[in-house]
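# Inside the fold
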Amino acid sequence: MTKRTPVRVAIVGTGGIATVCHLPALKAQGDRVRIVAACDVDTERVKAFCAENSIPGVHTDLAEMLDVARPDLVHLCTPPGLHARQAEQCLRAGAWVWLEKPPCLSLAEYDTITAAEQAGGAYASVVFQHRFGAAGLHAARLIASGELGRPLVAHCSTTWYRPHSYFEVPWRGRWDTEGGGPTMGHGIHQMDLLLTLLGDWSQVTAMAGRLDRDVQTEDVSVASVRFDSGALATIVNSVLSPREESYVRVDLVEATVELRHLYGYGNDDWTYTAAPHLAGAADGAARQEHWSAPGSETRSSHTAQLTALLDAYDREERPPASGHDGRRTLELVTAIYRSAFTGTTVARTDLTPGDPFYHRLHGDVDGWAPTATTGGNRS
């Protein structure tokens, strides 16, 4: 595919996430991009969206938009249940794709998306913006370098609050449209950041519950994870928590690294605490200052990730958070569901095409698979 400047961008799905996150990220790129079209099944909404943002191409059919507008990059901001089919359609038309999270409903769908990527350079990347903040990149580099010592223990919490009214939107809380509950749709960001910091995982033991919301999916999950490095972590995902927080903590031999925020972080949201044995070291203060200084103030955001995506586009190479790099977070999500619903410890190698959880995150398990009669299971 011949690279064009500015990059021709189309937005599919013109709801809240497109307006609040994707439009500002695109506008921050200046002349580097040009929004040439938008598409939505709601005719009036897409007309208003395009009029408000001076977008020339107004479409209600994806195939027509791809044929007429010929975008280089498509932002998929539709409900997750539509992502796999739409991403495949865009990729086969030669357009790169940026998928809102969750990227799709299952590992099977993710592999379908990857299979549709063109060898010549059309790729699908997932919105995992928390790994792209300057402080997050800095922490990942410090841990990877060994400067903080071996990682030992970690905690990862996405304790958010979504009222009952939130799930009155028809596609929310359903396996076939949203794909999962907070494990899939909310905590996936923090878990992706945890994997960025600690690397690959090997084993998961989990529990999940449908405690208070009228949904098919879970509304809370708790997991214990063993990483390839030997580090152990706990993960909590909830939409039932009145005091909302996103929290990541990693205890290493030389220091504790902590992040407290809600929907996005800056440098000041990270804290480094030196281990007691470093308190009297001659270079202790210098180390602490170095750990706490990422060098720039780039908040975790769609803007930060889009910049990295466009850099990869210019170099004609696979972008971050795509292919295997994007899949491993969905693997962890799948393992949490499989462990919670089967009461077993799950190894990463268990997630094969022969496993029902590879195809459906409820795994066809009684009490979790959609039924017409089970309370809380809307179908």
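You'll find the structure just up there.
Summarised in this report is the structure supplied together with it.

What counts, and at which threshold
- Residues numbered from 1 in each chain as written.
- Predicted model: local features only at pLDDT ≥ 70, side-chain atom pairs only at ≥ 80, totals over all residues.
- Heavy atoms only, no water.
- Helix = DSSP H or I, 4+ residues; strand = E, 2+ residues; numbered from the N terminus.
- Pairing = 2+ DSSP bridges.
- Contact = heavy atoms within 4.5 Å.
- Axes fitted to C-alpha atoms, helices over the stretch in contact; angles between N-to-C directions.
- Phe/Tyr/Trp six-rings, centres within 6.5 Å; stacked < 30°, edge-to-face > 60°.
- Buried < 20%, exposed > 50% of the residue type's maximum accessible area, 1.4 Å probe, protein only.

On to unusual backbone geometry. For the bond running from lysine 101 to proline 102, omega is -15°, close enough to zero to count as cis. Look at arginine 70: it is not a glycine, yet its phi comes out positive at around 45°. Backbone geometry at glutamate 316 places phi at a positive 60°, although glycine is not the residue there. Within the fold, glutamate 316 resides in the loop between α10 (302–315) and α11 (323–342).

What follows deals with the sheet that holds strand β8 (residues 201–209). With mixed pairing, eight strands are arranged side by side in an open sheet as β13-β12-β11-β7-β10-β9-β8-β14. Looking along the sheet, the strands with just one partner apiece sit at the ends: β13 (270–274) and β14 (346–347). Where strand β12 (residues 255–261) and β13 come together, five bridges link them in antiparallel fashion. Pairing of glutamate 258 across the sheet is with threonine 271, part of β13. Against the sheet, helix α8 (residues 188–198) contacts β7 (151–161), β8, β9 (220–227), β10 (232–238), β11 (240–252), β12 and β13, and its axis sits at roughly 165° relative to β7.

Next up on the list: the packing of aromatic side chains. Overall, the coordinates contain ten aromatic pairs when judged by the stated rule. Judged by centre distance (5.3 Å) and plane angle (85°), the ring pair of tryptophan 96 and tyrosine 123 falls under edge-to-face. Taken as a pair, tryptophan 96 in strand β5 (residues 96–99) and tyrosine 123 in the loop between α5 (107–116) and β6 (124–126) lie far apart in primary sequence, 27 residues in all. When its relative accessible area of 1% is taken as the criterion, tryptophan 96 is described as buried. Classification of tyrosine 123 as buried rests on a relative accessible area of 13%. Ring centres of tyrosine 337 and phenylalanine 341 lie 5.6 Å apart, and the angle between their planes is 50°; on these two criteria the pair is classed as tilted. In this pair, tyrosine 337 and phenylalanine 341 both sit in helix α11, four residues apart, roughly one turn of the helix. For the pair formed by tyrosine 337 and phenylalanine 341, the shared burial category is buried. A connected cluster of aromatic rings, assembled from ring pairs, spans Trp175, Tyr337, Phe341 and Trp368.

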